[in-house]
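The chain contents come next:
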Amino acid sequence: MRFIGCKSNLLNNIEAVINQNVQKMGGVFCDIFSGTGTVARHFKPYYEIHSNDALYFSYVIQKATIENNSEPTFSKLKNIGILDPMSFLEDAKIQTYDYNDDKYFITNNYTPHDDCSRMYFSNKNAVRIDFIRNTIEAWKKSNLLD
């Protein structure tokens, strides 16, 4: 994910400075104001990572990318016949939708439907995003995610 202030273009420079000033790899690496976690993810294979940021979205990204050390198996979804959740979310046929339904937040607020001047997503893409959001939430409520 790219974000204003992302340090992905500086990773080689940061690593060079660290290599010049640290005797050996290992120990703790602290990524203060981590944002999208680009630096933390880069150094994760070599250090124990401590990261922080004031923004909640950063916390969520860090939980998903820094704390996890293995790929999820989705075993509970497999038990109900969903062998590849990502393909399911991308390829599932979406039933018709109602713009007045609160479940379609992205579609209702970020597409050009009903002569609305906002256009961030096409209707088709927004409906897919809402489908993905709603499906994951339903899986979570049904205790199908571990």
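Residues numbered from 1 in each chain as written. Predicted model: local features only at pLDDT ≥ 70, side-chain atom pairs only at ≥ 80, totals over all residues. Heavy atoms only, no water.

> Honestly, the overall build of the chain in this entry has me stumped. Any pointers?
A count of helical and extended segments in the chain gives seven helices and two strands. Each of the three principal axes of the chain carries a C-alpha extent, and together these read 60 × 45 × 25 Å. Split into buried and exposed, the 146 residues of the chain put 27% on the buried side. Taking as baseline every contact in the chain between residues at least 6 positions apart, the subset at least 24 positions apart corresponds to 45%. Carbon and sulfur atoms form 54% of the exposed surface of the chain, whose accessible area is close to 10,600 Å². Of note, the chain has its 16 positive side-chain charges centred 3 Å away from the centre of its 17 negative side-chain charges. (Helix = DSSP H or I, 4+ residues; strand = E, 2+ residues; numbered from the N terminus. Buried < 20%, exposed > 50% of the residue type's maximum accessible area, 1.4 Å probe, protein only. Contact = heavy atoms within 4.5 Å. Areas by Shrake-Rupley, 256 points an atom, 1.4 Å probe, with all protein chains shown as cover. Lys, Arg positive; Asp, Glu negative; His and termini not counted. Charge placed at Lys NZ, Arg CZ, Asp CG, Glu CD.)

> Just to check I follow, could you spell out the packing of aromatic side chains for this structure?
Two descriptors summarise a pair of aromatic rings, namely the distance from one centre to the other and the angle between the planes of the rings. This structure, assessed with the given rule, holds nine aromatic pairs. Pairing Phe29 with Tyr47 gives two aromatic rings, centres 5.6 Å apart and planes at 45 degrees, and the pair type is tilted. Taken together, the positions of Phe29 in strand E1 (residues 28-31) and Tyr47 in the loop between helix H2 (38-43) and strand E2 (48-51) put the pair 18 residues apart, joining distant regions of the chain. Both residues of the pair, Phe29 and Tyr47, count as buried. On the basis of an interplanar angle of 40 degrees and a centroid distance of 6.4 Å, the ring pair of Phe88 and Phe131 is categorised as tilted. Residue Phe88 is found in helix H5 (residues 85-91), and its partner Phe131 is found in helix H7 (residues 123-141); the two are separated by 43 residues along the sequence. Every member of this aromatic cluster is reached through a ring pair, and the members are Phe105, Tyr110, Tyr120 and Phe121. (Phe/Tyr/Trp six-rings, centres within 6.5 Å; stacked < 30°, edge-to-face > 60°.)

> For this particular structure, what's the right way to read the side chain of Thr107?
Positionally, Thr107 belongs in helix H6 (residues 105-110). Its relative accessible area of 0% is what places Thr107 among the buried residues. Engagement of the side chain of Thr107 in a polar contact is seen with the backbone oxygen of Ala126, the distance being 3.4 Å. (Polar contact = N/O pair within 3.5 Å; in protein donor to acceptor, adjacent residues only side chain to side chain.)

> Explain unusual backbone geometry here, please?
Outside of glycine, negative phi angles account for most residues, and trans bonds account for most peptide bonds. One non-glycine residue, Phe33, adopts positive backbone phi at about 55 degrees. Tracing the backbone through its elements, the reader meets Phe33 in the loop between E1 and H2. In the Ramachandran plot, Phe74 falls in the positive-phi region, its phi being about 55 degrees despite a non-glycine side chain. With respect to the helices and strands, the residue Phe74 is situated in the loop between helix H3 (56-67) and helix H4 (75-79). By relative accessible area, which is 19% here, Phe74 ends up buried.

> Quick question: what am I supposed to make of the pattern of salt bridges here?
Side chains bearing opposite charge may pair, as long as their charged atoms lie close to each other. In total, this model carries two salt bridges according to the counting rule given. For Lys63, the salt bridge goes to Glu67, with nearest N and O atoms at 3.0 Å. Here the residue Lys63 and the residue Glu67 both occupy positions in helix H3, the gap between them amounting to four residues, near one helical turn. The salt bridge partner of Asp130 is Arg133, with a shortest N-O separation of 3.0 Å. (Salt bridge = Lys/Arg side-chain N within 4 Å of Asp/Glu carboxyl O.)

Worth remembering: the numbers are spatial, not functional.
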